[in-house]
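# Reading the structure
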Amino acid sequence: MDRTQKEAAVAELREKLQGAQAAILAEYRGLTVAKSDKLRRALEKEGATFRVVKNTLAHLAVEGTQFEVLKDAFKGPLGVVLAYKDAVAAAKVVDAFAKENPLFVVKAGALGGKLLGAADIEALSKLPSREQLLGQVVGVMVAPIRNLLGVLSGVPRSFVQVLNAIEQKKAA
């Protein structure tokens, strides 16, 4: 790989990093091609990618991005998972894959400019998905309106029940 190819690779990786929400670094040593393809396919469904990068090029690419905190973590054979849509969904896929494949070891990650350890990424994977969180927010927003509707409809309902009771009493 000559200098121009390296510069192009650094520029391409930097561009991908700038569009990502989160990055997860994992050691992939001993992982078969079939298993890494399985991981790639699972991540693509969640709007994320897995890519093997040279540490020296990755070290240069993270400069000036929110993932600069990962600079010191680029040691050994590492693959980078970049989450573009939902960081939690990507963390769930990575955590599940790491549990199935002991050769795939999560080392570090970054989210919002903060460095995450392997335990932090596992905790991130246990959070509810974006859709679940949005559903909970909508449920919380609708609850007061639903309760008010129940209270307001209670008065006419009680009035009708009183009229029915009076009618039954006069009929008897």
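Above: the structure in question.
Worth saying up front: this structure is predicted, and the values here are computed from it rather than measured.

### Digging into the side chain of Asp95
When you line up the elements, Asp95 lands in helix α4 (residues 87-100). Accessibility expressed as a relative area gives 14% for Asp95, which makes it buried. Those residues in contact with Asp95 that sit more than four places away from it in its chain are Glu122 and Ser125.

### Some points on the pairing of strand β4 (residues 105-111)
In regular strands, side chains alternate between the two faces of the sheet. Across six bridges, the pairing between strand β1 (residues 22-27) and β4 is antiparallel. Following the sheet pairing, Glu27 is matched in β4 by Val105. Direction of pairing for β4 relative to strand β5 (residues 114-117): antiparallel, over a ladder of four bridges. Note that in β5 the partner of Leu111 across the bridge is Lys114. Hairpin connection from β4 to β5: two residues lie between these consecutive antiparallel strands, with Gly112 at a positive phi of about 65°.

### A short note on helix α2 (residues 33-45)
With 13 residues, α2 extends 19 Å from end C-alpha to end C-alpha; this agrees with the ideal 18 Å at 1.5 Å per step. Buried positions along α2 lie against β2 (48-52), β3 (78-83) and α4. Just past α2, the residue Gly47 takes up positive phi, approximately 75°.

### Observations concerning the nonpolar core
If you look at the biggest cluster of nonpolar residues, it comprises 23 residues, and the most contacted ones within it are Ile24, Leu39, Leu43, Val81, Val94, Phe104 and Val106. For this core, the secondary structure elements donating two or more residues are β1, α2, β2, β3, α4 and α5 (118-125). Sort the elements by how many residues they give to this core and α4 lands first, with eight residues. Of all hydrophobic cores here, the second largest spans 20 residues; its members include Ala9, Ala58, Val62 and Leu70.

### Focus: empty space enclosed by the protein
Counting across every chain of the model gives one cavity of 30 Å³ or more. When its volume is computed, the largest cavity comes out at roughly 40 Å³. Leu13, Leu17, Val53, Ala58, Val62, Phe74 and Val80 are the residues that line the largest cavity. Residue classes in the lining of the largest cavity are distributed as seven nonpolar, no polar and no charged.

### Notes on the packing of α2 against α4
The relative placement of two packed helices is expressed as an angle between their axes plus a distance between the axes. Remark: α2 packs on α4, axes separated minimally by 10 Å, with the N-to-C direction vectors making an angle of 160°. By the criterion of interaxial angle, the relationship of α2 to α4 is roughly antiparallel. In terms of crossing hand, the pair formed by α2 and α4 is right-handed. The segment α2 lies against α4, with Lys35, Lys38, Leu39, Ala42 and Leu43 engaging Ala90, Val93, Val94, Phe97 and Glu100. Residues of the contact of α2 with α4, tallied by class, amount to seven nonpolar, no polar and three charged.

Conventions adopted
- In this convention, every chain numbers its residues from 1, walking through the sequence in written order.
- Thresholds applied to this predicted model are a pLDDT of at least 70 for local features of residues and 80 or more for the giving and counting of side-chain atom pairs; totals over whole chains, interfaces and linings are not thresholded and use all residues.
- Hydrogens and waters are ignored; side-chain quantities use all the structure's heavy atoms.
- Secondary structure elements are taken from DSSP: a helix is a run of H or I of four residues or more, a strand is a run of E of two residues or more, and numbering for both begins at the N terminus.
- Partly exposed describes any residue whose relative accessible area lies between the buried limit of under 20% and the exposed limit of over 50%, with all areas from a 1.4 Å probe on protein chains only and scaled to the type maximum.
- We call two residues in contact whenever any of their non-hydrogen atoms come within 4.5 Å of each other.
- By definition, two strands form a pair when at least two bridges between them are found by DSSP.
- One less than the number of residues in a helix, times 1.5 Å, gives the span that helix is expected to have.
- Throughout, nonpolar core names a set of buried Ala, Val, Leu, Ile, Met, Phe, Trp, Tyr and Cys residues whose side chains join them through atoms within 4.5 Å.
- Using a 1 Å grid laid over the protein atoms alone, points where a 1.4 Å probe fits but cannot get out form a cavity; open sets with protein on both sides within 12 Å along at least 5 of 7 lines form a pocket; any residue with an atom within 4 Å of a point counts as lining.
- Grid points are joined across faces, edges and corners, and a volume is the space filled by probe spheres set on the points.
- Residues are sorted three ways: Asp, Glu, Lys and Arg are charged, Ala, Val, Leu, Ile, Met, Phe, Trp, Tyr, Cys and Pro are nonpolar, and all the rest, Gly among them, are polar.
- Helix axes are fitted only over the stretch in contact, all axes being lines through C-alpha atoms; the angle between N-to-C directions runs from 0 to 180 degrees.
- Roughly parallel covers angles under 35 degrees, roughly antiparallel covers those over 145, roughly perpendicular covers 65 to 115, and oblique covers all other angles.
- Two helices crossing with the near one rotated counterclockwise from the far one by less than a right angle form a left-handed crossing, whereas a clockwise rotation gives a right-handed crossing.

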